[in-house]
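A closer look at the structure
Single-letter residue listing:
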Amino acid sequence: MEAFPDGCNVVEVGGQSGHAAQINRHDGFFNTIDDSVKVLAAKDCDEWASDDAMAIMEDFIVQYGDDINAVYCHWDVGLTGCIEAMKAANMDLSKIYTIGVDGCAIGFDQVKEGTQTLCIGQSFTQMTIDAFDCITKIMNGETLETDVVWTEPQIVTKDTIDDYEYPEW
């Protein structure tokens, strides 16, 4: 929404339909966007496969073409398929805001290349630290404030990528 203060048209390529990550990423997206973001279409993949994401993106390109301002894909490797579909359609990737989730090496590489605008990363190192902090509190007789502990995501862009450790996966 910051990148498009006057609004934008986005397509959502979901992960494996019915998978917890797919559901949560879809719901989180829709619970976060405001009325300035128009979702042209949303479709889930049959499995977490880049070629599924590519086929969905090809269909979106045929349906919406240049009306697409942004692509939200539930995982970085799936976004690779979306990027390939846009390249094949000669779309100008510098004008399309592309978002992937996970923070894997492919996502970081695509941010460095300039084909992925934003990578919402998950730091397994930080998740482990957060988990051990919880375990330590419990072992010390403390009560956790919540049943679910969230690890802050990494917001990886061309401007912030050097702030994060390059992922091993």
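Above this text is the structure in question.
A short tour of the structure in this document, coming up.

The rules behind each value
- Residues numbered from 1 in each chain as written.
- Predicted model: local features only at pLDDT ≥ 70, side-chain atom pairs only at ≥ 80, totals over all residues.
- Heavy atoms only, no water.
- Pairing = 2+ DSSP bridges.
- Helix = DSSP H or I, 4+ residues; strand = E, 2+ residues; numbered from the N terminus.
- Axes fitted to C-alpha atoms, helices over the stretch in contact; angles between N-to-C directions.
- Contact = heavy atoms within 4.5 Å.
- Parallel < 35°, antiparallel > 145°, perpendicular 65-115°, else oblique.
- Left-handed = near helix turned anticlockwise from the far one by under 90°.
- Nonpolar A, V, L, I, M, F, W, Y, C, P; charged D, E, K, R; others polar.
- Salt bridge = Lys/Arg side-chain N within 4 Å of Asp/Glu carboxyl O.
- Buried < 20%, exposed > 50% of the residue type's maximum accessible area, 1.4 Å probe, protein only.

1. What about the sheet that holds strand β6 (residues 154–156)?
Reading across from one edge, β2-β1-β3-β4-β5-β6 is the order of the 6 strands in this open sheet, with mixed pairing throughout. The strands lining the two open edges of the sheet, one partner per strand, are β2 (37–45) and β6. Taken pair by pair, the neighbouring strands of this sheet meet at an average axis angle of 15°, ignoring direction. Across the sheet, helix α2 (residues 50–64) touches β1 (8–16), β2 and β3 (70–73), and the angle it forms with β2 is around 145°.

2. Some points on the packing of helix α3 (residues 76–88) against helix α4 (residues 105–113)
The geometry of α3 relative to α4 is characterised by a closest axis approach of 8 Å and an angle of 45° between their N-to-C directions. Our classification of the angle between α3 and α4 gives oblique. For the crossing formed where α3 meets α4, the hand is left-handed. For the pair α3 and α4, contact is made by D76, V77, L79, T80 and I83 and by I106, G107 and Q110, respectively. Tallied by class, residues from the contact of α3 with α4 come to 4 nonpolar, 3 polar and 1 charged.

3. Brief notes about the pattern of salt bridges
What the rule picks out here adds up to 2 salt bridges. Across the pair R25 and D102 runs a salt bridge, and its minimum N-O distance is 3.0 Å. Here D102 lies in strand β4 (residues 97–102) and R25 lies in helix α1 (residues 20–32), a separation of 77 residues in the sequence. On the accessibility criterion, D102 (12% relative accessible area) is buried. Between E84 and K87 there is a salt bridge, and its shortest N-O distance comes to 3.7 Å. Of this pair, E84 and K87 both sit in helix α3, 3 residues apart, roughly one helical turn. Note on E84: relative accessible area 35%, which makes it partly exposed.

4. Some details on the environment of N31
On the secondary structure map, N31 appears in helix α1. Given a relative accessible area of 67%, N31 falls into the exposed group. Residues N31 and D59, 28 residues apart in the sequence, show an inter-C-alpha distance of 25 Å.

The quantities given are spatial measurements derived from coordinates; they are silent on function.
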